[in-house]
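Analysis of the macromolecular model
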Amino acid sequence: MSYLLIEALSKRFGRFTALDRVDLSIERGEFVVFLGPSGCGKTTLLRAIAGLDRQDSGRIVQDGDDISQWPVAARDFGIVFQSYALFPNLSVADNIAYGLDNRRFDRSARARRVEELLQLVGLPGIQGKYPAQLSGGQQQRVALARALATAPGLLLLDEPLSALDALERVRLRGEIRALQDKLGVTTVMVTHDQEEALAVADRIVVMSHGRIEQVGTPREVYRAPATPFVADFIGRVNVLDGAVHERGRVQVGPHVLDCEQARDLSPGAAVRLYLRPEDITLLGVTDSAPNSFYAHVRKVEFLGAHVAVVMKPDRMEGVELTAQFSQNYLNGTELPPGAIVRVGVDRRHLRVIAGEG
(Lines give C-alpha, C1' and ligand atoms only; values in the text may rest on other atoms or scores of the structure.)
Protein backbone atom coordinates (compact mmCIF):
# COMPACT_ATOMS: atom_id res chain seq x y z
CA MET A 1 0.00 0.00 0.00
CA SER A 2 1.24 3.49 -0.87
CA TYR A 3 2.16 5.68 2.08
CA LEU A 4 0.45 8.74 0.54
CA LEU A 5 -2.39 8.34 -1.94
CA ILE A 6 -4.10 11.24 -3.69
CA GLU A 7 -7.25 10.48 -5.66
CA ALA A 8 -9.17 12.80 -8.01
CA LEU A 9 -8.16 15.87 -6.01
CA SER A 10 -9.65 19.15 -7.21
CA LYS A 11 -9.40 22.69 -5.86
CA ARG A 12 -10.85 25.92 -7.21
CA PHE A 13 -10.40 29.52 -6.22
CA GLY A 14 -13.46 31.24 -7.66
CA ARG A 15 -13.39 30.49 -11.38
CA PHE A 16 -9.75 29.47 -11.33
CA THR A 17 -9.06 25.72 -11.21
CA ALA A 18 -5.86 25.20 -9.24
CA LEU A 19 -6.08 21.39 -9.17
CA ASP A 20 -7.99 19.35 -11.72
CA ARG A 21 -8.68 15.76 -10.56
CA VAL A 22 -5.09 14.99 -9.57
CA ASP A 23 -4.13 11.36 -8.92
CA LEU A 24 -0.79 10.48 -7.34
CA SER A 25 0.75 7.68 -5.30
CA ILE A 26 3.87 8.14 -3.11
CA GLU A 27 5.73 5.26 -1.47
CA ARG A 28 7.05 5.25 2.07
CA GLY A 29 10.52 6.79 2.28
CA GLU A 30 10.38 8.42 -1.18
CA PHE A 31 11.69 11.89 -1.93
CA VAL A 32 9.17 13.33 -4.42
CA VAL A 33 9.42 16.79 -5.97
CA PHE A 34 6.48 18.76 -7.40
CA LEU A 35 7.95 20.76 -10.29
CA GLY A 36 6.38 23.35 -12.55
CA PRO A 37 6.04 27.06 -13.34
CA SER A 38 4.24 29.56 -11.13
CA GLY A 39 0.50 28.94 -11.01
CA CYS A 40 0.71 25.28 -12.05
CA GLY A 41 -0.86 23.98 -8.81
CA LYS A 42 2.18 22.48 -7.10
CA THR A 43 1.97 24.59 -3.92
CA THR A 44 -1.82 24.17 -3.75
CA LEU A 45 -1.33 20.39 -3.89
CA LEU A 46 1.23 20.53 -1.07
CA ARG A 47 -1.05 22.73 1.04
CA ALA A 48 -3.98 20.37 0.41
CA ILE A 49 -1.89 17.48 1.74
CA ALA A 50 -1.18 19.55 4.86
CA GLY A 51 -4.83 20.61 5.21
CA LEU A 52 -3.92 24.29 4.83
CA ASP A 53 -6.02 24.56 1.62
CA ARG A 54 -8.92 22.12 1.85
CA GLN A 55 -9.74 20.40 -1.45
CA ASP A 56 -13.18 20.77 -3.05
CA SER A 57 -13.34 17.12 -4.03
CA GLY A 58 -11.23 13.98 -3.99
CA ARG A 59 -9.44 12.34 -1.12
CA ILE A 60 -6.04 12.05 0.56
CA VAL A 61 -4.95 8.83 2.30
CA GLN A 62 -1.84 8.80 4.52
CA ASP A 63 -0.54 5.52 5.90
CA GLY A 64 -3.95 3.88 5.45
CA ASP A 65 -5.97 6.72 7.03
CA ASP A 66 -8.30 8.91 4.98
CA ILE A 67 -7.20 12.35 6.20
CA SER A 68 -9.17 14.34 3.62
CA GLN A 69 -11.27 16.13 6.25
CA TRP A 70 -8.84 16.03 9.17
CA PRO A 71 -7.82 19.36 10.71
CA VAL A 72 -4.23 20.49 10.26
CA ALA A 73 -3.29 19.73 13.86
CA ALA A 74 -4.38 16.10 13.55
CA ARG A 75 -2.22 15.36 10.49
CA ASP A 76 1.21 13.74 10.76
CA PHE A 77 3.61 16.08 8.97
CA GLY A 78 6.32 18.66 9.46
CA ILE A 79 6.58 21.60 7.08
CA VAL A 80 9.29 24.04 6.03
CA PHE A 81 8.27 27.25 4.25
CA GLN A 82 10.18 29.42 1.80
CA SER A 83 10.18 32.32 4.27
CA TYR A 84 11.57 30.21 7.18
CA ALA A 85 8.63 31.35 9.38
CA LEU A 86 10.72 31.38 12.54
CA PHE A 87 9.48 33.30 15.57
CA PRO A 88 11.84 36.31 15.84
CA ASN A 89 11.23 36.74 19.58
CA LEU A 90 12.12 33.11 20.40
CA SER A 91 15.58 31.60 20.68
CA VAL A 92 16.72 28.86 18.32
CA ALA A 93 16.03 26.28 21.04
CA ASP A 94 12.50 27.58 21.62
CA ASN A 95 11.77 27.73 17.88
CA ILE A 96 12.83 24.11 17.40
CA ALA A 97 10.99 22.90 20.49
CA TYR A 98 7.78 24.78 19.65
CA GLY A 99 6.04 21.61 18.48
CA LEU A 100 7.30 19.62 21.45
CA ASP A 101 5.74 21.79 24.13
CA ASN A 102 2.31 20.18 23.68
CA ARG A 103 3.75 16.69 23.81
CA ARG A 104 4.73 16.61 27.47
CA PHE A 105 8.48 16.67 27.02
CA ASP A 106 10.15 17.50 30.32
CA ARG A 107 12.86 20.16 30.35
CA SER A 108 15.81 17.76 30.08
CA ALA A 109 14.20 15.67 27.30
CA ARG A 110 13.34 18.87 25.44
CA ALA A 111 16.93 20.11 25.67
CA ARG A 112 18.32 16.75 24.52
CA ARG A 113 15.98 16.70 21.52
CA VAL A 114 16.95 20.25 20.52
CA GLU A 115 20.65 19.41 20.81
CA GLU A 116 20.16 16.22 18.77
CA LEU A 117 18.38 18.12 16.00
CA LEU A 118 20.97 20.89 15.87
CA GLN A 119 23.67 18.24 15.51
CA LEU A 120 21.59 16.65 12.75
CA VAL A 121 21.37 19.88 10.72
CA GLY A 122 24.99 20.84 11.36
CA LEU A 123 24.43 23.74 13.79
CA PRO A 124 25.55 22.54 17.22
CA GLY A 125 25.78 25.01 20.07
CA ILE A 126 23.50 27.81 18.79
CA GLN A 127 20.54 27.11 21.08
CA GLY A 128 20.66 30.56 22.67
CA LYS A 129 20.85 32.62 19.50
CA TYR A 130 17.92 34.39 17.86
CA PRO A 131 16.86 34.19 14.16
CA ALA A 132 18.14 37.72 13.41
CA GLN A 133 21.64 36.58 14.40
CA LEU A 134 21.66 33.79 11.79
CA SER A 135 22.30 33.73 8.04
CA GLY A 136 19.53 32.70 5.65
CA GLY A 137 20.99 29.21 5.30
CA GLN A 138 21.24 28.82 9.08
CA GLN A 139 17.66 29.98 9.54
CA GLN A 140 16.45 27.43 7.02
CA ARG A 141 18.38 24.68 8.82
CA VAL A 142 16.67 25.70 12.06
CA ALA A 143 13.29 25.61 10.29
CA LEU A 144 14.14 22.12 9.04
CA ALA A 145 15.09 21.02 12.57
CA ARG A 146 11.77 22.39 13.87
CA ALA A 147 9.84 20.45 11.20
CA LEU A 148 11.61 17.24 12.22
CA ALA A 149 11.30 17.77 15.98
CA THR A 150 8.19 15.61 16.41
CA ALA A 151 9.56 12.85 14.12
CA PRO A 152 6.72 13.21 11.59
CA GLY A 153 5.92 10.53 9.05
CA LEU A 154 5.79 13.11 6.25
CA LEU A 155 8.07 16.10 5.60
CA LEU A 156 6.70 18.88 3.38
CA LEU A 157 9.09 21.44 1.88
CA ASP A 158 7.53 24.48 0.19
CA GLU A 159 10.20 26.12 -2.01
CA PRO A 160 12.65 25.85 0.93
CA LEU A 161 15.71 27.08 -0.97
CA SER A 162 14.39 29.85 -3.20
CA ALA A 163 15.26 32.68 -0.78
CA LEU A 164 18.93 31.65 -0.58
CA ASP A 165 21.85 32.66 -2.79
CA ALA A 166 23.02 30.24 -5.48
CA LEU A 167 25.93 28.67 -3.60
CA GLU A 168 23.93 28.22 -0.40
CA ARG A 169 21.07 26.63 -2.38
CA VAL A 170 23.38 24.01 -3.86
CA ARG A 171 24.97 23.30 -0.47
CA LEU A 172 21.69 23.03 1.40
CA ARG A 173 19.91 20.92 -1.19
CA GLY A 174 22.67 18.33 -0.85
CA GLU A 175 22.31 18.43 2.93
CA ILE A 176 18.52 18.00 2.73
CA ARG A 177 18.91 14.99 0.46
CA ALA A 178 21.56 13.43 2.73
CA LEU A 179 19.36 14.06 5.76
CA GLN A 180 16.36 12.46 4.07
CA ASP A 181 18.47 9.42 3.17
CA LYS A 182 19.59 9.14 6.78
CA LEU A 183 16.14 9.48 8.35
CA GLY A 184 14.11 7.72 5.65
CA VAL A 185 11.23 10.16 6.12
CA THR A 186 8.78 10.40 3.22
CA THR A 187 9.41 13.84 1.73
CA VAL A 188 7.50 16.04 -0.70
CA MET A 189 9.17 19.21 -1.96
CA VAL A 190 7.80 21.99 -4.15
CA THR A 191 10.13 23.87 -6.49
CA HIS A 192 10.14 25.69 -9.82
CA ASP A 193 13.90 25.05 -10.17
CA GLN A 194 14.42 22.13 -12.53
CA GLU A 195 18.09 21.65 -11.62
CA GLU A 196 17.12 21.41 -7.96
CA ALA A 197 14.46 18.82 -8.74
CA LEU A 198 16.79 16.73 -10.90
CA ALA A 199 19.47 16.79 -8.18
CA VAL A 200 17.44 15.61 -5.18
CA ALA A 201 14.33 13.71 -6.28
CA ASP A 202 13.63 10.00 -6.39
CA ARG A 203 10.69 10.92 -8.61
CA ILE A 204 9.56 14.21 -10.13
CA VAL A 205 5.91 15.21 -10.60
CA VAL A 206 5.80 17.74 -13.44
CA MET A 207 2.69 19.91 -13.28
CA SER A 208 0.98 22.41 -15.59
CA HIS A 209 -2.38 24.17 -15.28
CA GLY A 210 -3.47 22.12 -12.29
CA ARG A 211 -2.72 18.76 -13.87
CA ILE A 212 0.11 16.27 -13.77
CA GLU A 213 1.97 16.11 -17.08
CA GLN A 214 4.39 13.32 -16.12
CA VAL A 215 5.66 11.38 -13.12
CA GLY A 216 9.06 9.73 -13.35
CA THR A 217 12.63 9.55 -12.18
CA PRO A 218 14.83 12.54 -12.98
CA ARG A 219 16.39 10.57 -15.84
CA GLU A 220 12.99 9.60 -17.24
CA VAL A 221 11.51 13.10 -17.29
CA TYR A 222 14.69 14.53 -18.82
CA ARG A 223 15.57 11.84 -21.35
CA ALA A 224 12.06 10.62 -22.15
CA PRO A 225 9.60 13.52 -21.72
CA ALA A 226 6.02 12.37 -22.17
CA THR A 227 4.59 15.66 -23.43
CA PRO A 228 5.79 18.74 -25.31
CA PHE A 229 5.43 20.77 -22.11
CA VAL A 230 7.79 18.49 -20.17
CA ALA A 231 10.32 18.48 -23.01
CA ASP A 232 10.29 22.26 -23.20
CA PHE A 233 10.16 22.98 -19.45
CA ILE A 234 12.94 20.68 -18.29
CA GLY A 235 16.28 21.67 -19.80
CA ARG A 236 16.91 23.20 -23.19
CA VAL A 237 15.48 21.46 -26.22
CA ASN A 238 15.56 21.93 -29.99
CA VAL A 239 12.32 21.36 -31.92
CA LEU A 240 12.26 20.22 -35.56
CA ASP A 241 9.06 19.90 -37.59
CA GLY A 242 9.03 17.24 -40.26
CA ALA A 243 7.16 14.35 -41.83
CA VAL A 244 7.77 10.61 -41.85
CA HIS A 245 9.65 9.81 -45.07
CA GLU A 246 9.43 6.09 -44.55
CA ARG A 247 9.25 3.96 -41.44
CA GLY A 248 12.13 4.89 -39.15
CA ARG A 249 13.08 7.98 -41.19
CA VAL A 250 11.87 11.58 -40.93
CA GLN A 251 12.31 14.35 -43.48
CA VAL A 252 13.19 17.79 -42.11
CA GLY A 253 13.59 20.25 -44.94
CA PRO A 254 15.85 18.58 -47.53
CA HIS A 255 17.40 16.26 -44.94
CA VAL A 256 16.16 12.75 -44.20
CA LEU A 257 17.08 11.71 -40.66
CA ASP A 258 17.07 8.23 -39.16
CA CYS A 259 14.84 8.25 -36.09
CA GLU A 260 14.40 5.18 -33.94
CA GLN A 261 11.06 6.35 -32.56
CA ALA A 262 9.56 6.77 -36.02
CA ARG A 263 9.73 3.05 -36.81
CA ASP A 264 6.04 2.52 -36.14
CA LEU A 265 4.78 5.70 -37.80
CA SER A 266 3.15 5.74 -41.24
CA PRO A 267 4.84 7.54 -44.15
CA GLY A 268 3.55 11.08 -44.60
CA ALA A 269 2.63 11.55 -40.94
CA ALA A 270 3.57 14.98 -39.60
CA VAL A 271 5.86 14.79 -36.57
CA ARG A 272 7.77 17.03 -34.24
CA LEU A 273 11.27 15.96 -33.20
CA TYR A 274 12.83 16.98 -29.89
CA LEU A 275 16.61 17.09 -29.52
CA ARG A 276 18.69 18.03 -26.47
CA PRO A 277 21.64 20.40 -27.12
CA GLU A 278 24.16 17.95 -25.63
CA ASP A 279 23.06 15.26 -28.12
CA ILE A 280 24.49 17.19 -31.08
CA THR A 281 28.03 16.14 -31.99
CA LEU A 282 30.76 17.75 -34.09
CA LEU A 283 32.04 15.77 -37.08
CA GLY A 284 34.83 16.19 -39.54
CA VAL A 285 33.96 18.61 -42.33
CA THR A 286 34.00 15.83 -44.95
CA ASP A 287 32.25 13.22 -42.78
CA SER A 288 29.12 11.93 -44.51
CA ALA A 289 27.80 9.86 -41.61
CA PRO A 290 24.02 9.29 -41.35
CA ASN A 291 22.07 12.09 -39.66
CA SER A 292 24.73 14.68 -40.41
CA PHE A 293 24.56 18.06 -42.11
CA TYR A 294 26.39 21.37 -42.40
CA ALA A 295 25.51 24.30 -40.16
CA HIS A 296 26.59 27.93 -39.88
CA VAL A 297 27.62 29.14 -36.42
CA ARG A 298 25.51 32.16 -35.42
CA LYS A 299 26.43 32.78 -31.78
CA VAL A 300 28.69 31.30 -29.12
CA GLU A 301 27.88 31.59 -25.40
CA PHE A 302 30.63 30.80 -22.88
CA LEU A 303 29.19 28.96 -19.85
CA GLY A 304 32.35 28.02 -17.99
CA ALA A 305 32.64 24.25 -18.29
CA HIS A 306 30.44 24.28 -21.39
CA VAL A 307 29.89 26.34 -24.52
CA ALA A 308 26.43 26.87 -26.04
CA VAL A 309 26.57 27.26 -29.82
CA VAL A 310 23.59 28.59 -31.78
CA MET A 311 23.75 27.42 -35.39
CA LYS A 312 21.70 27.60 -38.57
CA PRO A 313 21.42 24.18 -40.27
CA ASP A 314 22.09 24.20 -44.00
CA ARG A 315 18.90 24.50 -46.09
CA MET A 316 16.51 24.32 -43.10
CA GLU A 317 14.49 27.51 -43.42
CA GLY A 318 13.53 29.19 -40.16
CA VAL A 319 15.38 26.62 -38.03
CA GLU A 320 18.08 27.33 -35.45
CA LEU A 321 19.72 24.67 -33.30
CA THR A 322 21.48 25.15 -29.98
CA ALA A 323 24.29 22.70 -29.27
CA GLN A 324 26.17 22.35 -26.00
CA PHE A 325 29.79 21.18 -25.96
CA SER A 326 32.08 20.71 -22.99
CA GLN A 327 35.45 22.43 -23.03
CA ASN A 328 37.13 19.01 -22.88
CA TYR A 329 35.11 17.84 -25.89
CA LEU A 330 36.16 20.87 -27.94
CA ASN A 331 39.79 20.39 -26.86
CA GLY A 332 40.76 23.86 -28.01
CA THR A 333 38.66 23.88 -31.21
CA GLU A 334 37.43 27.39 -31.96
CA LEU A 335 33.88 27.92 -33.18
CA PRO A 336 33.69 31.60 -34.12
CA PRO A 337 30.47 33.11 -35.48
CA GLY A 338 30.36 32.58 -39.25
CA ALA A 339 32.21 29.25 -39.12
CA ILE A 340 30.78 26.31 -41.07
CA VAL A 341 30.72 23.03 -39.17
CA ARG A 342 29.37 19.56 -39.81
CA VAL A 343 27.22 18.15 -37.01
CA GLY A 344 25.61 14.80 -36.38
CA VAL A 345 22.72 13.42 -34.34
CA ASP A 346 22.37 9.89 -32.99
CA ARG A 347 19.11 8.35 -34.23
CA ARG A 348 18.32 7.24 -30.67
CA HIS A 349 18.34 10.84 -29.42
CA LEU A 350 15.68 12.18 -31.74
CA ARG A 351 12.48 11.96 -29.73
CA VAL A 352 8.99 11.97 -31.22
CA ILE A 353 6.22 12.94 -28.80
CA ALA A 354 2.77 11.53 -29.53
CA GLY A 355 0.18 13.93 -30.86
CA GLU A 356 2.70 16.45 -32.13
CA GLY A 357 3.34 17.58 -35.65
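All of these numbers come straight from a predicted model, not from anything done at the bench.

**Topic: the domain arrangement of the chain**
Splitting the chain by domain gives domain 1 (4–233) and domain 2 (238–354). On a C-alpha basis, the centroid separation for the pair domain 1 and domain 2 is 39 Å. Across the boundary between the two partners, domain 1 contributes 9 residues, which contact 7 residues of domain 2. Summed over both partners, the interface of domain 1 with domain 2 comes to about 730 Å²; 43% of that surface belongs to carbon and sulfur atoms. Counting the surface domain 1 buries against domain 2, the share from its top three residues, Y222, R223 and A231, is 60%.

**A word on empty space enclosed by the protein**
Applying the stated rule across the entire model yields 1 cavity of 30 Å³ or more. In this model, the largest cavity occupies a volume close to 50 Å³. As for the largest cavity, its lining consists of F31, L144, L148, L155, L157, I176, L179, Q180, L183, V185 and T187. Listing elements by their share of the lining of the largest cavity, those giving two or more residues are α4 (136–148), β7 (154–158) and α5 (166–183).

**Considering a nonpolar patch on the surface**
Together, V285, Y294 and I340 give the surface a local cluster of nonpolar side chains, amounting to about 270 Å² of exposed area. Residue position: Y294 is located in strand β16 (residues 292–302). On the accessibility criterion, Y294 (31% relative accessible area) is partly exposed.

**A closer look at the sheet that holds strand β5 (residues 65–66)**
Judged by pairing direction, the sheet is antiparallel, and its 4 strands sit side by side in the order β2-β1-β4-β5 without closing on themselves. Both edges of this open sheet fall to β2 (16–26) and β5, since each of them pairs with a single strand only. Here strand β1 (residues 4–13) runs beside strand β4 (residues 57–62); their pairing, made up of 5 bridges, is antiparallel. Pairing of E7 across the sheet is with R59, part of β4.

**A short note on the UniProt feature "domain: ABC transporter" (unreviewed entry) in the chain**
On the UniProt side, "domain: ABC transporter" (unreviewed entry) is annotated at positions that read residues 4–234 here. Between the C-alpha atoms that bound residues 4–234 the distance is 26 Å, and the span itself is 34% helix and 26% strand.

**Brief notes about the pattern of salt bridges**
Going through the model one piece at a time under the given rule, you end up with 24 salt bridges. Linking R141 and E175 is a salt bridge whose minimum nitrogen-to-oxygen distance equals 2.9 Å. Taken together, the residues span a long stretch of sequence, with R141 in helix α4 and E175 in helix α5 at a distance of 34 residues. With relative accessibility at 31%, the residue E175 sits in the partly exposed group. Residues R272 and D241 are paired through a salt bridge, measuring 2.6 Å at the closest nitrogen-oxygen approach.

**What about the layout of surface pockets?**
Within this model, the largest pocket holds a volume of roughly 620 Å³. Forming the boundary of the largest pocket are 18 residues, of which F77, G78, G99, R103 and T150 lie nearest the centre. Contributing elements (two or more residues each) for the lining of the largest pocket: β6 (78–80) and α4. Residues that form the lining of the largest pocket fall into these classes: 10 nonpolar, 4 polar and 4 charged. Put simply, the second largest pocket is a space of about 180 Å³. Along its surface, the second largest pocket is lined by 15 residues, and R223, P225, Y274, H349 and R351 are the ones closest to its centre. Of all the elements in the fold, those that place two or more residues in the lining of the second largest pocket are α7 (218–223) and β14 (270–275). Partitioned by chemical class, the residues of the lining of the second largest pocket number 7 nonpolar, 2 polar and 6 charged. Counting residues domain by domain, the lining of the second largest pocket receives three or more from each of domain 1 (4–233) and domain 2 (238–354).

**Concerning the packing of aromatic side chains**
On inspection of all chains with the given rule, the structure shows 3 aromatic pairs. Arranged with centres 4.8 Å apart and planes meeting at 45 degrees, the rings of F87 and Y98 form a pair that is tilted. Of this pair, F87 sits in the loop between β6 and α2 (92–96) while Y98 sits in the loop between α2 and α3 (107–120), and the two are 11 residues apart along the sequence. You can call F87 partly exposed: its relative accessible area is 30%. Between F229 and F233 the ring centres are 5.5 Å apart and the planes differ by 10 degrees, which places this aromatic pair in the stacked class. Taken together, the positions of F229 and F233, both in helix α8 (residues 228–233) and 4 residues apart, correspond to about one turn of that helix. The class for F229 is partly exposed, based on a relative accessible area of 23%. The ring of Y294 is capped by R342, whose NZ or CZ atom sits 4.5 Å from the centre of that ring.

Rules and cut-offs
Residues numbered from 1 in each chain as written. Predicted model: local features only at pLDDT ≥ 70, side-chain atom pairs only at ≥ 80, totals over all residues. Heavy atoms only, no water. Domains from an automatic or database assignment. Contact = heavy atoms within 4.5 Å. Buried area = accessible area lost by both parts, 1.4 Å probe. 1 Å grid on protein atoms, 1.4 Å probe; cavity = no way out; pocket = protein on both sides within 12 Å on 5 of 7 lines; lining within 4 Å. Points joined across faces, edges and corners; volume = space filled by probe spheres on them. Helix = DSSP H or I, 4+ residues; strand = E, 2+ residues; numbered from the N terminus. Patch = residues over 30% accessible without salt bridge, like charges linked within 9 Å, V, L, I, M, F, W, Y side chains within 5 Å. Areas by Shrake-Rupley, 256 points an atom, 1.4 Å probe, with all protein chains shown as cover. Salt bridge = Lys/Arg side-chain N within 4 Å of Asp/Glu carboxyl O. Buried < 20%, exposed > 50% of the residue type's maximum accessible area, 1.4 Å probe, protein only. Pairing = 2+ DSSP bridges. UniProt positions renumbered as here; feature names shortened; annotations may be inferred. Nonpolar A, V, L, I, M, F, W, Y, C, P; charged D, E, K, R; others polar. Phe/Tyr/Trp six-rings, centres within 6.5 Å; stacked < 30°, edge-to-face > 60°. Lys NZ or Arg CZ within 6 Å of the ring centre and 35° of its normal.

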